[in-house]
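Breakdown of the fold
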Amino acid sequence: MRKILLATLIFAVVGVMAQEKSLQQLGGVYYAYPIESGVAMPDIQPVPDGYVAFYISHYGRHGSRWLPSDERYRWVNNQFANQKNLTDLGESVRKRLSLIWKNAKGHGGRLTPLGGRQHRGIAQRMFQRFPHLFTAEAHLTAHSSTVGRCRSSMLNFLSELQAQNPSLDILPVTCEEDMAWIAYTSPEEKALESRTHVPLTVSTDRFVKTLFIDPSKVENPERLFTELHTIASDIQDVELDVSLYDIFTREEMEAVYAMNNERMTICNGDESLNGGIPARSAVSLWRRIEADADAAITRGGVGADLRFGHDTNLYRLLTLMGVDTGGMGMDEILPMAANLQMVFYRNVAGDILVQLLHNEKSLGFRNWEELKQQVSEHICSLE
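Remember, it's a predicted structure, so these values are computed and weren't measured experimentally. (Residues numbered from 1 in each chain as written. Predicted model: local features only at pLDDT ≥ 70, side-chain atom pairs only at ≥ 80, totals over all residues. Heavy atoms only, no water.)

Here we take up the sheet that holds strand 6 (residues 352-358). Overall, mixed pairing links the seven strands, which are arranged 3-2-4-1-5-6-7 in an open sheet. The two strands at the open ends of the sheet, each matched to only one other strand, are strand 3 (172-174) and strand 7 (361-367). With strand direction ignored, the average angle separating the axes of adjacent strands in the sheet is 15°. Pairing of strand 2 (residues 139-144) with strand 3, which is carried by three bridges, proceeds in the parallel orientation. Along strand 3, the bridge assignment pairs Ala142 with Pro172. Those strands touched by helix 13 (residues 311-321) are strand 1 (52-61), strand 5 (339-346) and strand 6, and its axis lies near 45° from that of strand 5. The strands touched by helix 15 (residues 368-382) within the sheet are strand 5, strand 6 and strand 7, with strand 7 carrying the most contacts at an inclination of about 95°. (Pairing = 2+ DSSP bridges. Helix = DSSP H or I, 4+ residues; strand = E, 2+ residues; numbered from the N terminus. Axes fitted to C-alpha atoms, helices over the stretch in contact; angles between N-to-C directions. Contact = heavy atoms within 4.5 Å.)

The next thing to look at is the state of the cysteines. Under the defined criterion, the tally for this structure stands at zero disulfides. With no disulfide partner, Cys175 has as its closest neighbouring cysteine sulfur the one in Cys150, 13 Å distant. (Disulfide = S-S within 2.5 Å.)

Turning to the environment of Asp305, a few remarks are in order. You can see Asp305 is positioned in strand 4 (residues 303-309). Considering only alpha carbons, one finds Asp305 and Phe207, 98 residues apart in sequence, at a separation of 47 Å. Excluding anything up to four places from it in sequence, Asp305 contacts Tyr55, Ile56, Ser57, His58, Thr141 and Asp292. Within the structure, the side chain of Asp305 is placed 2.5 Å from the side chain of Tyr55, a separation counted as a polar contact. (Polar contact = N/O pair within 3.5 Å; in protein donor to acceptor, adjacent residues only side chain to side chain.)

Per-residue pLDDT for the protein chain has a mean of 94; in total, 95% of the residues score no lower than 70. Confidence drops under a pLDDT of 50 for residues 1-13, and excluding neighbours within four residues, the segment shows 15 contacts in the predicted structure. (pLDDT = per-residue confidence, 0-100.)

This next bit is on the packing of helix 2 (residues 70-79) against helix 9 (residues 221-238). Packed helices, taken two at a time, are described by their axes: the angle between them and the distance between them. At a closest axis distance of 10 Å, the pairing of helix 2 and helix 9 adopts a crossing angle of 120°. Classified by the angle between their axes, helix 2 and helix 9 sit oblique to one another. Seen from above, helix 2 lies across helix 9 with left-handed handedness. Every residue of helix 9 that contacts helix 2 at Arg72, Tyr73, Trp75, Val76 and Gln79 is listed here: Arg223, Leu224, Glu227, Leu228, Thr230, Ile231 and Asp234. Taken together, the residues of the contact of helix 2 with helix 9 sort by class into six nonpolar, two polar and four charged. (Parallel < 35°, antiparallel > 145°, perpendicular 65-115°, else oblique. Left-handed = near helix turned anticlockwise from the far one by under 90°. Nonpolar A, V, L, I, M, F, W, Y, C, P; charged D, E, K, R; others polar.)

The next point concerns the pattern of salt bridges. Charged atoms that come close allow side chains of opposite charge to pair. With the rule as written, the count across this model stands at 18 salt bridges. Glu71 is the partner of Arg74 in a salt bridge, and the nearest nitrogen-oxygen pair spans 3.7 Å. Of this pair, Arg74 and Glu71 both sit in helix 2, three residues apart, which is roughly one turn of the helix. Given the relative accessible area of 37%, Arg74 is considered partly exposed. A salt bridge links Arg316 to Glu193; the shortest N-O distance between them is 3.0 Å. A residue pair is termed long-range when its members are at least 10 positions apart, and Arg316 in helix 13 and Glu193 in helix 7 (residues 187-195) qualify at 123 residues. (Salt bridge = Lys/Arg side-chain N within 4 Å of Asp/Glu carboxyl O. Buried < 20%, exposed > 50% of the residue type's maximum accessible area, 1.4 Å probe, protein only.)

Quick look at the structure:
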């Protein structure tokens, strides 16, 4: 009963949020990064007197991409192969899917041109805010997940930094050994993901009947419904001049958004139903971040450690760190190119403050030693 009541509450809260969202935002994790290149930077909190930035610890999700695999497009297209069973709208959708497939074929899982621009924009704004951290003498590192879209995101990011300062020499590192921390998913996390099923709260009957003359011939109506929602949402990431939003009602779009939000929260967020599993899965990433930061403090000088991975790993890191994402949807927490920047400041006495920037928006300052202690205590409570 407790699980049912909690799920109902989550849906109610997300339902209220969804009413204020654009159709693009209802794509959740497919929402394109909302800060475009060349626009004004979001304001961050003023630096306390006497403190100067000397180091950035960064973790970024890859930028906009096509769907994870070509096979997902193929499966959807196959559902429209029997043209004799298509309504006029169904035939229109079939033709639009053909255009979408022409654009996507062979690109499943890859970074789109927009995804590259997103990371170049983030890098440009980081440089503009903290140019003194990106000098020829700075200690700079860059690591990515072995997944191609993450490496491509890293290379775009570094390319922009080097365009801002050609004297920079940053070696991009992508190796299997790093996967144990940069994109780790524990066995218990995989099991949690496997057993977590969030029901869809709307019927697919209306949807299927508008597309197919005989809906009984549709292989898997709910899968088709949610996959078309994904393809419709991803169009913003591939910048294609076509739309599928007209085949959904607002209620249907919001229902998929709510379902995806709840599943992501259960599998990766601060949720009592998951028993701390996601936070435990982020421990190796946090320990790398902590060790690199402490090394930067000891080393002196300026620099940055830049890391490029995935949405789930970033979400679990935020959960472990105790970052409050309550009341936020995945479009706010984990849009394409989502990122966490930890900007370190010191004063002449050697005190260290950290300003957390989530998607370039300030979450305020924390004392570094206190933040480490808080996360350490959280880790101990999970053991």
